[in-house]
Structure formats: C-alpha cells, structure tokens
Amino acid sequence: MVSEPICSSCGGPPIWAVTVRENPDERPGKLLAVCDACRWDQPDVALSVPLDVVDEDTFVDLYATGLIRTEPGLATRILFGEERPGLASRVLPPAPDSS
C-alpha cells in the first residue's frame, strides 16, 4: 500500500530528506523526512535534500556515499511512502557466499 510520506517530527507534509547524528560519537546517517519548519529544528544535520529530487537512483547514490545508514526497507518507507524491496536490495551488501 502506497501512502504519502509524512514529516518524521510533526506528521505534516515533508519536503526535505535529512540525515542526522543519533549519538554525539557517531557519524550522521539517520534518515528523516521533514517539513520546512521541522528541518530547522533538527540538530546536527549532515545532509539536506529536497524530497522532490530524490528518485531511486539518488537513493542508491546516497547509500553508496555512506550518507544514509538507516535500514533500507525503512528508508524507502520514509522517502517514498512504501517499502520497495527491489530498491532496498540495490543498497544492501551481497550475502556472504556459503560455499
């Protein structure tokens, strides 16, 4: 089921994808979708990208550069309003070879 993304802070319509630091001693990477007002309330923002420019290729690029560390299935729900297993699998490391 596809739903519209909502602001991670207030529940309103988001316009930014941001990554923040969860703990002071960690590098940023927690993904949030936020509205304009809540964007400025987020401490320690490392990345701020308008949601309307985030497509599937941009999503993959953000993971490849290490800017997003949120679990990929959750990240697709945050940004696109639905889980996209095919997209999430593009950013997951390959499973170890058991042979």
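Small disclaimer: the values here were computed from a predicted structure and weren't measured.

Caption draft 1: Focus on the overall build of the chain. Of the regular secondary structure elements, the chain holds 4 helices and 3 strands. Its helices and strands in sequence order give the chain the pattern β-β-α-β-α-α-α, from N to C terminus. For a compact globule of 99 residues, the expected C-alpha radius of gyration is about 13 Å, and the chain comes in at 14 Å, within 12% of that figure. Taking the principal axes of its C-alpha atoms as reference, the chain extends roughly 50 × 35 × 20 Å. Restricting the contact set of the chain to residue pairs at least 6 apart, pairs at least 24 apart contribute 54%. As displayed, the chain has an accessible area near 6,000 Å², and 54% of this comes from carbon and sulfur atoms. Positive and negative side-chain charges in the chain, numbering 8 and 16 respectively, have mean positions lying 4 Å apart.

Caption draft 2: The arrangement of the packing of aromatic side chains in detail. Within this structure, the stated rule accounts for 2 aromatic pairs. Its end group placed over the ring of Trp-40, Arg-39 keeps NZ or CZ at 4.3 Å from the ring centre. The ring centre of Phe-80 lies 4.2 Å from the NZ or CZ of Arg-84, which sits over that ring.

Caption draft 3: Structural context of the packing of helix α2 (residues 56-64) against helix α3 (residues 72-80). In the contact formed by α2 and α3, the axes pass within 12 Å of each other and the chain directions differ by 135 degrees. In terms of orientation, α2 lies oblique with respect to α3. For α2 against α3, the interelement crossing comes out right-handed. Contacts between α2 and α3 pair Glu-56, Phe-59 and Tyr-63 from the former with Pro-72, Ala-75, Thr-76, Leu-79 and Phe-80 from the latter. When grouped by side-chain class, the residues that make up the contact of α2 with α3 number 6 nonpolar, 1 polar and 1 charged.

Caption draft 4: Here's a closer look at the pattern of salt bridges. Tallied over the entire structure, the rule returns 5 salt bridges. One salt bridge connects Glu-82 with Arg-84, and the closest N-O pair in it is separated by 2.9 Å. Look at Arg-84 and you get partly exposed, because its relative accessible area is 22%. Salt bridges linked by common partners bring Glu-56, Glu-82 and Arg-84 together as one network.

Caption draft 5: Here's a closer look at the nonpolar core. Judged by nonpolar contacts, the single largest core of 18 residues is most densely connected at Ala-17, Leu-31, Val-54, Phe-59, Tyr-63, Leu-79 and Phe-80. Counting only elements with at least two residues in this core, the list comes to β2 (30-34), β3 (45-50), α2, α3 and α4 (85-91). Dropping the residues within four chain positions of it, Leu-31 is found in contact with Ala-17, Val-18, Thr-19, Ile-68, Thr-70, Ala-75, Ile-78 and Leu-79. Ranked by size, the runner-up nonpolar core spans 7 residues in total, among them Cys-7, Leu-32, Cys-35 and Cys-38.

Calculation rules
Residues numbered from 1 in each chain as written. Predicted model: local features only at pLDDT ≥ 70, side-chain atom pairs only at ≥ 80, totals over all residues. Heavy atoms only, no water. Helix = DSSP H or I, 4+ residues; strand = E, 2+ residues; numbered from the N terminus. Rg over C-alpha atoms; globule rule 2.2 N^0.38 Å. Contact = heavy atoms within 4.5 Å. Areas by Shrake-Rupley, 256 points an atom, 1.4 Å probe, with all protein chains shown as cover. Lys, Arg positive; Asp, Glu negative; His and termini not counted. Charge placed at Lys NZ, Arg CZ, Asp CG, Glu CD. Phe/Tyr/Trp six-rings, centres within 6.5 Å; stacked < 30°, edge-to-face > 60°. Lys NZ or Arg CZ within 6 Å of the ring centre and 35° of its normal. Axes fitted to C-alpha atoms, helices over the stretch in contact; angles between N-to-C directions. Parallel < 35°, antiparallel > 145°, perpendicular 65-115°, else oblique. Left-handed = near helix turned anticlockwise from the far one by under 90°. Nonpolar A, V, L, I, M, F, W, Y, C, P; charged D, E, K, R; others polar. Salt bridge = Lys/Arg side-chain N within 4 Å of Asp/Glu carboxyl O. Buried < 20%, exposed > 50% of the residue type's maximum accessible area, 1.4 Å probe, protein only. Core = buried A, V, L, I, M, F, W, Y, C linked by side-chain atoms within 4.5 Å.

Distances and angles like these do not, on their own, reveal function.
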